Amino acid sequence: MVYFLRRFRFILFVLLSSLLLAGAAQAQKRKAQEQPASYPAAEGFDAAGSDPKAIAIADRVMREMGGYQAWQQARYFAWGFFGGQYQVWDKYSGDFHWERDTLVANVNLNTKQGRVYSRGQDISATPAGQKLLERLPAIWINNSYWLLMPFKLKDSGVTLGYKGEGKTLDGAPADVLQLTFKNVGVTPQNRYEVLVNRATGLVEEWAYFAKASDEQPGFRRRWNEYSRQGLLLLAAGRSDASKPARLEHIAQTQTIPEGLMSSPTPVEKLK
């Protein structure tokens, strides 16, 4: 009798576990189905001049990275950048906190108003402070693109082309997208090639061309080491063919400590 009771409990446990796993799988499937096949392009995106296949691949990238709704809802982004830079961007308000060593700047990217501090002392009115304030929007454009480029494939001013099938530096089959720009950003003459892994739908590599007419890229780097950060997938790896490189201290969160965006001194890294 004891044997049969144990056997019954074991069978019941297996059945319940199977049901739970099936339920979780169905929930994931429903969540994926709820995401729209396409997401709205930014105003000014060159839809007429872009390749429909490239647009469809960009839509898949957005879905795999967390989805358009999650991208819209995501608020604070924090990341370290080359040269010892660390920054926090409030996507809702446009506030941008930037620091390097003991130099700190806080600016609103919409109003261009802000303050600059050195070792906690306000140097906003000095020539060095004024110069940094003027440079901060361009710094943000560059540094944020290195973090968030896969979400910007259908941005304003972008023409999205399809260059066919290729392979990443690591040999993975990929679709090759091309981004060119019209009257947008600080370097509209640039061109990018973005390699999207055909199996995962994630960006795994990008190449930078200083001029759209250049045949050889200025660099070709991996875009890998993805991890879940808040609502989204973000990648840290930026290695080239011979040298390791990565973005550090990546975080996406909906809340931050009070006073962080106006702090005159370096802040604790967000997690």
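Before reading further, recall that the structure is shown in the block above.
A quick note: this is a predicted structure, and the numbers were derived from the prediction, not measured.

A. Highlighting the nonpolar core. Among the nonpolar cores identified, the biggest contains 55 residues, and Phe77, Phe96, Leu136 and Leu179 are the most heavily contacted of them. Here the element with the most residues in this core is helix H4 (residues 127–148); it accounts for nine residues. Other than its neighbours up to four places away in sequence, Leu136 contacts Phe96, Trp98, Ala105 and Val107. In this structure, Tyr76, Ala78, Ala251 and Leu270 belong to the second largest nonpolar core, which totals ten residues.

B. The arrangement of unusual backbone geometry in detail. With phi around 65 degrees, Lys112 is a residue other than glycine that occupies positive phi space. Tracing the backbone through its elements, the reader meets Lys112 in the loop between strand S4 (103–108) and strand S5 (114–118). Located in the positive-phi region is Arg119, a residue other than glycine, with phi close to 55 degrees. Locating Arg119 in the fold gives a position in the loop between S5 and strand S6 (121–122).

C. Main features of the sheet that holds strand S11 (residues 219–222). Strands sit in the order S7-S8-S9-S10-S11 across an open sheet of five strands; the sheet is antiparallel. Every other strand in the sheet has two partners, leaving strand S7 (158–167) and S11 as the edge strands with one partner each. On average, each strand axis in the sheet is inclined to that of its neighbour by 20 degrees, with strand direction left out of account. In this sheet, strand S9 (residues 191–197) lies alongside strand S8 (residues 173–181) in antiparallel orientation, the contact comprising seven bridges. If you follow Leu177 over to S9, its bridge partner there is Val194. Contacts from helix H2 (residues 52–64) reach S7, S8, S9 and strand S10 (203–209) within the one sheet, and its direction differs from that of S7 by about 85 degrees.

D. Main features of the environment of Asn190. Assignment of secondary structure puts Asn190 in the loop between S8 and S9. For the pair Asn190 and Thr180, spaced ten residues apart in the sequence, the C-alpha separation amounts to 6.8 Å. Setting aside its immediate chain neighbours within four residues, Asn190 contacts Leu179, Thr180, Phe181, Tyr208, Phe209 and Ala210. Reaching out from Asn190, the side chain makes a polar contact with the backbone oxygen of Ala210 at a distance of 2.9 Å.

E. Layout of the side chain of Gln87. In this structure, Gln87 sits in strand S2 (residues 85–90). Look at Gln87 and you get buried, because its relative accessible area is 0%. At 2.9 Å, the side chain of Gln87 and the backbone oxygen of Trp79 are in polar contact. Every residue in contact with Gln87, bar those within four places of it in the chain, is listed here: Phe77, Ala78, Trp79, Gly80, Phe81, Phe96, His97, Trp98 and Asn143.

F. Focus on H4. In a regular helix each residue adds 1.5 Å, so 22 residues correspond to 32 Å; H4 covers 32 Å between its end C-alpha atoms and thus fits that length. Considering bend angle alone, the principal kink of H4 is centred on Arg135 and spans about 40 degrees; proline Pro137 follows within four residues of it.

G. Quick peek at the sheet that holds S2. With antiparallel pairing, seven strands are arranged side by side in an open sheet as S6-S5-S4-S3-S2-S1-S14. Across the chains shown, the open sheet's two edge strands, defined by having one partner strand only, are S6 and strand S14 (251–253). Relative to S4, strand S3 (residues 95–100) runs antiparallel, the two sharing six bridges. Paired with Trp98 across the two strands is Ala105, which belongs to S4. Docked against the sheet, H4 engages strand S1 (76–81), S2, S3, S4 and S5, running at close to 100 degrees with respect to S1.

H. Quick look at the side chain of Ser124. You can see Ser124 is positioned in the loop between S6 and H4. Only 2.8 Å separates the side chain of Ser124 from the backbone nitrogen of Val116, close enough to count as a polar contact. Of note is the side chain of Ser124, whose polar atom sits 2.6 Å from the side chain of Asp122. Setting aside residues no more than four positions away along its own chain, Ser124 makes contact with Gly114, Arg115, Val116, Gly129, Gln130 and Leu133.

Each value, and the rule that gives it
Residues numbered from 1 in each chain as written. Predicted model: local features only at pLDDT ≥ 70, side-chain atom pairs only at ≥ 80, totals over all residues. Heavy atoms only, no water. Core = buried A, V, L, I, M, F, W, Y, C linked by side-chain atoms within 4.5 Å. Buried < 20%, exposed > 50% of the residue type's maximum accessible area, 1.4 Å probe, protein only. Helix = DSSP H or I, 4+ residues; strand = E, 2+ residues; numbered from the N terminus. Contact = heavy atoms within 4.5 Å. Pairing = 2+ DSSP bridges. Axes fitted to C-alpha atoms, helices over the stretch in contact; angles between N-to-C directions. Polar contact = N/O pair within 3.5 Å; in protein donor to acceptor, adjacent residues only side chain to side chain. Expected span 1.5 Å × (residues − 1). Bend = angle between axes of the 7 residues up to and from the residue.

Treat this as a map of the structure, not an account of what it does.
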